[in-house]
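In case you want the letters, here they are:
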Amino acid sequence: MKSRLRRRLRQLGTTVLVLSALALLLDRLFPLPLPDASSGSTVVLSRDGIPLRAFPDRDGVWRYPARLYDVSPLYIHALLTYEDRWFYRHPGVNPFALARAFVQWIVHRRLVSGGSTLTMQVARILDGTPHSALGKLRQILRALQLEAHLSKADILTLYLDRAPFGGTIEGVEAASWAYLGKPASRLSHAEAALLAVLPQMPSRLRPDRRPDAARRARDKVLARMADLGVWTRSQVHDAQIESVAARTLQAPMSAALLAERLHEEKPLVRRITTTIDAELQRSLESRVTDYLAHLPDRTSAALLVVDNATLEARAYVGSAAFGDERRLGHVDMVRAWRSPGSTLKPFLYGLALDDGLIDSESLLIDAPQSFGTYRPGNFDMAYNGPIGAAEALRLSLNVPAVDLIDRIGPTRFAGRLANAGLALRLPRGVQPNLSVILGGAGVRMEDLVGAYTALNRAGVAGRVRYAADDATVDRRILSNGAAWIVRDILEANPRPGYAPGTFDPGSRPRVAWKTGTSYGFRDAWAVGATRAYTVAVWIGRPDGTPLPGQYGAVTALPLMFQVVDSLPRSAMSATPQPPPVEVTQADVCWPLGLRFDSTRPELCHQKRTAWLLNGVIPPTLPERDNSVWSAGVTHLRLDASGARISAACTKTASSEIDIARWPALAYPWLSRELRHRASLPALARGCAPDGLDAAQQIHIEGVADNAAIARAPNSDKPATLRLRALGATGEVLWLVNGRLEGETTGTGPFEHAFADAGNQTVTALSNSGATAQVSVRVLR
């Protein structure tokens, strides 16, 4: 008896060993066809998990990666209760369910219940086994193989990721978004039951095509949940009331160019979470589309919204209409190299503050002048003469900006920007030059926005972050104090249509804004920085063709303010921020630029309140290449009659005075009173010349000062003057009402037609700095 038992045990052991060896051999010969984790479709998500865009796999299947903890427990309950209640207890095959299915097939001569476990369904999905006896056997073996290699959670995740839901939709996450428009984590009882039953007959139960059949199948699941006590009768009753919505399937296509960019950068990642706010993104995409409807054909746009605190992009519109061939909608203008126009000027003024060249009210000169062979002009070719640094920046005047970059050095300026992440692209072999401050180089919108965040980040610029796992990269571009002063200057610029002192409820956020227009009207920019966000708008044509009449302040700025006003805001967003400790205020005086001295009021022709950085009050910048005696303080001795006495004169001085002189280029714009205060007393009779009168003098010939002119009788041609600058030997610039209208050489003639009636001012400005001016009244 014992020997027989031992023999049978040996036979059993041998059988088990052989079967184990056979199983191991089959496992090696026929390994599990597990999907490659890095292959398949990819979904790009917003920061809160909403799909922005999905990329199908090479077979055209839409499958959003599903994770067990991202799926609603209601769906897991419905799935396991309806499909496989013993999932966590069987080894991949439920023999009782298979036996029941076999008996039912014998009795009814048809398949009543399948008997397949959830593991067997996963095996069929992965291996594609046929619906036959051999196919069922193969499915069973694969199920056992799955259980041997994977955990229950892994097997369930494979089902969640790969179950068929009709057409090219696979996985519960893709099905939830496709049919219900929501993530699988937020399913109701009714929705969970619907998605649990769909894989049984995905083509026949598609809710977008057969909602009635889908509802009957769903209610069958709900009844099972109630009968087994998994859900209460009340919950099931409420769920049965819900209708099955017939939703048209449409792939998500929001932030399409950003999604494409991230997919290219991370081709092996199937689930990419961005920093984008899905609701804001959709809203701004619609706003851009509507805004461009009234602009010329083939116009595109780009928009970027960045959270200053985290550097995370909240909205990314790379083109006006993705896929629109006429607008070149496939070109991502957020990362395209374009001319920035004047948008770099705030950083130039900030660097000048850091260098101690200027304070916020330093005297600059906006007048025609040459910098070597380079002669910049303002956008409207009009000039303002003497102007404060803050106003020059707000008005985006070109000549003062070129003057500053010439003193700082274009190479150093470009290097500072590049170090902070704002690289400038120049033609091959070209070094940074004066034109870069007026748009003579290329920048990318994302780099520009990263630099502008410094205005609200204590002078620290940063790289814009698009994905949740992007590293934070910070680089200082300005000191904290310089950034604060520049932001304060730009915030003081009133919105278009809101002149200073007009009614404004004050609830709108304070915006430090700047516009830019490239040469030839090819790029229109507007950049705005609030406490919380930095917003940039670009409008133009991606192929670089001009958009005549479209420029930053008219084309891009209104859209930028619409975006800013649509963003979340706090109560502090409309409140001025106090200056840092290194920024103080003081009264400074023009023309010298020095601190106001109450003991010497004669040196203060105009008093202004300026923001100072580190207490520095720089004097007015020295003039360049000027043969007329320079600005500054001139000390004179006067005789009893008030005439000046030269150094070699033997007359006795009865008094001494100091005269503050303005830069020579400012004189055409000075009032009569200011000119008188800065003028020299006549040289005393009998005194040797002191050289102060040796400067070139010019005189306008062709019309008397304060003359009245009119067009010829019975003529429709405007009144015309032909003028000459007598005494001039070099180049002469002619301005009419501050606008450059022409240039001549020596005493060459200048002819001008006055189209408008009224008082007009004509100024001749020689290259030596000498000026002459006449006023005329045009009658008709």
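Note that the structure is a prediction, hence the values are computed from the model and not measured.

### Some details on the environment of R53
Here R53 lies in strand β2 (residues 51-55). A relative accessible area of 10% places R53 in the buried class. Those residues in contact with R53 that sit more than four places away from it in its chain are T42, V43, V44, P252, M253, S254, A256, A259, E260 and F322. In this structure the side chain of R53 is engaged in a polar contact, spanning 3.1 Å, whose partner is the backbone oxygen of A256. A polar atom in the side chain of R53 sits 3.5 Å from the side chain of E260.

### Considerations on helix α17 (residues 445-452)
Counting buried residues in α17 gives eight out of eight residues, a clear majority hidden from the surface. Inspection of α17 places M445, E446, D447, L448, V449, G450, A451 and Y452 among the buried residues, and these make up the whole buried set.

### Overview of the pattern of salt bridges
Tallied over the entire structure, the rule returns 44 salt bridges. Across the pair D227 and R233 runs a salt bridge, and its minimum N-O distance is 3.1 Å. Judged by relative accessible area, R233 falls into the exposed class, the value being 56%.

### Focus on unusual backbone geometry
Residue P591 is bonded to the preceding W590 through a cis peptide linkage, with omega at 10°. Relative to the assigned elements, P591 resides in the loop between β17 (583-590) and β18 (606-613). With a phi close to 65°, L311 is a non-glycine residue in the positive phi region. Structurally, the position occupied by L311 is in the loop between β6 (300-307) and β7 (313-317). Taking relative accessible area as the criterion, L311 reaches 0% and is therefore assigned buried. Even without glycine at this site, S396 takes up a positive phi of about 55°. Within the element layout of this structure, S396 appears in the loop between α14 (389-394) and α15 (398-408). Look at S396 and you get buried, because its relative accessible area is 17%.

### Points about the sheet that holds strand β25 (residues 731-736)
If you trace the five strands from one edge of the open sheet to the other, you get β23-β29-β28-β25-β26, paired in mixed fashion. Edge positions in the sheet fall to β23 (707-709) and β26 (739-745), since each of these pairs with one other strand and no more. Taking each pair of neighbouring strands and ignoring which way they run, the sheet shows an average axis angle of 30°. The sheet contact formed by strand β28 (residues 758-766) and strand β29 (residues 771-778) spans eight bridges and is antiparallel. Within the sheet, the bridge partner assigned to Q760 lies in β29 and is V776.

### Thoughts on the packing of aromatic side chains
Counting across every chain of the model gives seven aromatic pairs. With centroids separated by 5.3 Å and ring planes inclined at 80°, the aromatic side chains of Y316 and Y466 adopt a geometry described as edge-to-face. Linking Y316 in strand β7 with Y466 in the loop between β12 (460-462) and β13 (474-476), this pair joins segments that are 150 residues apart in sequence. The exposure class of Y466 is buried, given its relative accessible area of 5%. Each ring, one from W734 and one from F750, has its centre 4.9 Å from the other, and the planes form 10°; the classification is stacked.

### Quick look at the packing of helix α9 (residues 211-227) against helix α10 (residues 233-241)
Their axes nearest at 9 Å, the elements α9 and α10 cross at an angle of 175°. Here α9 is positioned roughly antiparallel relative to α10, judged by the angle of their axes. Here R215, R218, D219, L222, A226 and D227 of α9 come into contact with α10, specifically with R233, V236, A239, Q240 and I241. Within the contact of α9 with α10, the residues separate by chemical class into five nonpolar, one polar and five charged.

What counts and how
- Residues numbered from 1 in each chain as written.
- Predicted model: local features only at pLDDT ≥ 70, side-chain atom pairs only at ≥ 80, totals over all residues.
- Heavy atoms only, no water.
- Helix = DSSP H or I, 4+ residues; strand = E, 2+ residues; numbered from the N terminus.
- Buried < 20%, exposed > 50% of the residue type's maximum accessible area, 1.4 Å probe, protein only.
- Contact = heavy atoms within 4.5 Å.
- Polar contact = N/O pair within 3.5 Å; in protein donor to acceptor, adjacent residues only side chain to side chain.
- Salt bridge = Lys/Arg side-chain N within 4 Å of Asp/Glu carboxyl O.
- Pairing = 2+ DSSP bridges.
- Axes fitted to C-alpha atoms, helices over the stretch in contact; angles between N-to-C directions.
- Phe/Tyr/Trp six-rings, centres within 6.5 Å; stacked < 30°, edge-to-face > 60°.
- Parallel < 35°, antiparallel > 145°, perpendicular 65-115°, else oblique.
- Nonpolar A, V, L, I, M, F, W, Y, C, P; charged D, E, K, R; others polar.

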